[in-house]
Structure formats: C-alpha cells, structure tokens
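Residue-level structural notes
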Amino acid sequence: MSLKLLLQGFFALSLAVVAIAASADGVAAFNGSWVINEELSDDPDKQVERAIKRGGGKVPRGKKTKGRYRGGPPTQKLYDHLSYDEELHFHYQQPEFRLGYEQGFERVFYSDGRRQVISTKTLANRTDYSFAGWEGEVLYVESKPMDSGYIFETYTLINGGSQLQVQLQLEPATFVAPINIRRIYDRKPEPE
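So, here is what we can say about the structure in this document. (Residues numbered from 1 in each chain as written. Predicted model: local features only at pLDDT ≥ 70, side-chain atom pairs only at ≥ 80, totals over all residues. Heavy atoms only, no water.)

Broken down by element type, the chain carries 4 helices and 9 strands. Going from N to C terminus, the chain has its helices and strands arranged as α-β-α-α-β-β-β-α-β-β-β-β-β. A buried classification covers 34% of the 192 residues belonging to the chain. Sequence separation of 24 or more characterises 47% of the internal contacts of the chain that already satisfy a separation of 6 or more. Working note: accessible area of the chain is about 12,000 Å², and carbon and sulfur atoms make up 56% of it. (Helix = DSSP H or I, 4+ residues; strand = E, 2+ residues; numbered from the N terminus. Buried < 20%, exposed > 50% of the residue type's maximum accessible area, 1.4 Å probe, protein only. Contact = heavy atoms within 4.5 Å. Areas by Shrake-Rupley, 256 points an atom, 1.4 Å probe, with all protein chains shown as cover.)

By the secondary structure assignment, Ser 83 is in helix α3 (residues 77-84). For Ser 83, the side chain forms a polar contact with the main-chain oxygen of Tyr 79, separated by 2.8 Å. Residues in contact with Ser 83, not counting those within four places in the same chain, are Pro 44, Leu 168, Leu 170, Ile 181 and Arg 183. (Polar contact = N/O pair within 3.5 Å; in protein donor to acceptor, adjacent residues only side chain to side chain.)

On to helix α2 (residues 44-54), then. Buried within α2 are the following residues: Pro 44, Asp 45, Gln 47, Val 48, Glu 49, Ala 51 and Ile 52. Contacts from the buried residues of α2 go to α3 and β9 (179-187). Taking the backbone nitrogen of Asp 45 as reference, a side-chain oxygen 2.9 Å away marks Asp 43 as the first, capping residue of α2. Directly after α2, the chain includes Gly 56, whose backbone phi takes a positive value near 90 degrees.

Here the focus is a positive patch on the surface. The grouping of Lys 46, Arg 50, Lys 53 and Arg 54 at the surface amounts to a positive patch. Looking at where Lys 46 falls in the secondary structure, it is placed in helix α2. (Patch = residues over 30% accessible without salt bridge, like charges linked within 9 Å, V, L, I, M, F, W, Y side chains within 5 Å. Salt bridge = Lys/Arg side-chain N within 4 Å of Asp/Glu carboxyl O. Lys, Arg positive; Asp, Glu negative; His and termini not counted. Charge placed at Lys NZ, Arg CZ, Asp CG, Glu CD.)

In this section: the pairing of strand β5 (residues 129-135). Relative to strand β6 (residues 138-144), β5 runs antiparallel, the two sharing 7 bridges. Residue pairing in the sheet places Ser 130 in a bridge with Ser 143 of β6. If you look at the hairpin formed by β5 and β6, you'll find 2 residues sitting between the two strands, and Gly 136 has a positive phi there, around 70 degrees. (Pairing = 2+ DSSP bridges.)

What follows covers α3. Of all 8 residues making up α3, 7 are buried, and the element is well covered by its neighbours. Among all positions of α3, only Leu 78, Tyr 79, Asp 80, His 81, Leu 82, Ser 83 and Tyr 84 are buried. Structurally, α3 contributes buried residues whose contacts are with α2, β4 (106-110), β6, β7 (150-158), β8 (163-171) and β9.

Our focus in this paragraph is the packing of aromatic side chains. Following the criterion strictly, the structure yields 11 aromatic pairs and no others. Pairing Phe 97 with Phe 109 gives two aromatic rings, centres 5.0 Å apart and planes at 15 degrees, and the pair type is stacked. In this pair, Phe 97 is assigned in strand β3 (residues 96-100) and Phe 109 in strand β4, connecting sequence segments 12 residues apart. As far as the burial class goes, Phe 97 and Phe 109 line up, both buried. By way of ring pairs, the aromatic residues Phe 30, Phe 90, Tyr 92, Phe 97, Phe 109, Trp 134 and Tyr 155 are connected into one cluster. (Phe/Tyr/Trp six-rings, centres within 6.5 Å; stacked < 30°, edge-to-face > 60°.)

Evaluated as defined, the whole model comprises 1 cavity of 30 Å³ or more. The computed volume of the largest cavity comes to approximately 40 Å³. Around the largest cavity sit Leu 82, Leu 88, Tyr 101, Tyr 155, Val 166, Leu 168 and Tyr 185, which together line it. A per-class count over the lining of the largest cavity returns 7 nonpolar, no polar and no charged. (1 Å grid on protein atoms, 1.4 Å probe; cavity = no way out; pocket = protein on both sides within 12 Å on 5 of 7 lines; lining within 4 Å. Points joined across faces, edges and corners; volume = space filled by probe spheres on them. Nonpolar A, V, L, I, M, F, W, Y, C, P; charged D, E, K, R; others polar.)

Further remarks concern unusual backbone geometry. Trans peptide bonds make up most of the peptide bonds, and negative phi angles are found at most residues other than glycine. With an omega of 0 degrees, the peptide bond running from Gln 94 to Pro 95 counts as cis. Of note, Pro 95 is situated in the loop between β2 (87-93) and β3. Even without glycine at this site, Ser 148 takes up a positive phi of about 70 degrees. Among the structural elements, Ser 148 can be located in the loop between β6 and β7.

Below, the structure is given as structure tokens:
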C-alpha cells in the first residue's frame, strides 16, 4: 500500500470522526428546558378547528377561550401535552429519550430500534408508545397513542440553537383529517 493511499484513508477516517463528534454535539444541544414562544407558534385551537373543517365537521359557535379543545379522554392525553403544554424538558442520552411536560407527564422512548412487547396483561394497562431516530441533527418521532391514533413529530434546532421547532402531525382516532401544529420553544435560561 502506498503512503498516499494510507494518508488518504487516514484523512477520510479523520473527517468521519469529526462529523460524528459534531453530530453528537448537535444532538446534545437539544437537552435542556424549553418554554413556548406563543407569538411564533401556531394556535393549537385554530389548528384543531381547521382539521375539523377539513374533515367535513362543523366548529361549535360561541366564546373562543384558550385551550378549548384540551382535556379529552385519558386515552388522548398525549395529544394534549404535545399541543398545549407551555414547557418541555428534553433529555437525550443515547439511546434513551426523556421528554417531560406539565403535570409530571413524562415520555420515555428509545432510538435503538428496540421492540415493544405487548401481552394481554399489558393491554389492560395500555400506554402510549413512541420510537425515534436521528437523521443528521433532526429528530423524528413516531407515536401510537392509547386511542390507537398516530402522531408524527419532527424536532429541529433553529436560530443557532436558541430555539426548538417542533412540527406535529396529530391523527387522533376520532378525527378524519390530521391536525398540523408548529410549535416554537425558546431555550429556558439555566438557573444560576
């Protein structure tokens, strides 16, 4: 093997290691506490109403209060936390994700392709199930909520990592059309 080929191989390997390290640093930047930026985020109530109309339904008339579509059955609590909670606590340590929401609600899921084992015993105590994967520095999450609907989430850091953009496609089992919501979070300052 020539010295030139050896150096080219070493150089290519060095670039790959640097890319992996940069990617790991980018992934770690998601960790922390985030607070909703309501000015830049979609109004979840309006997005629910758009989905109702696209599905051929009618939106109830009357006073339009904030959070009017929050609080469905317990099988739909994941939709509520994703759509309405004002804080998100994000912790990733390969391969485990811990996403914390208001009222002590926490999701734990993995990016290593592990399977969920379901038995008749666990069916009685159903839980939401999520799994995730990184593509570069974008996180994709798929979830199967307790109501047998579907959720697709995309997490991306924007504005130099000072903001977290979350794109939600929510498909509750009781809806004909999906609910699409864009949520922008500001990084919460660390306590001194």
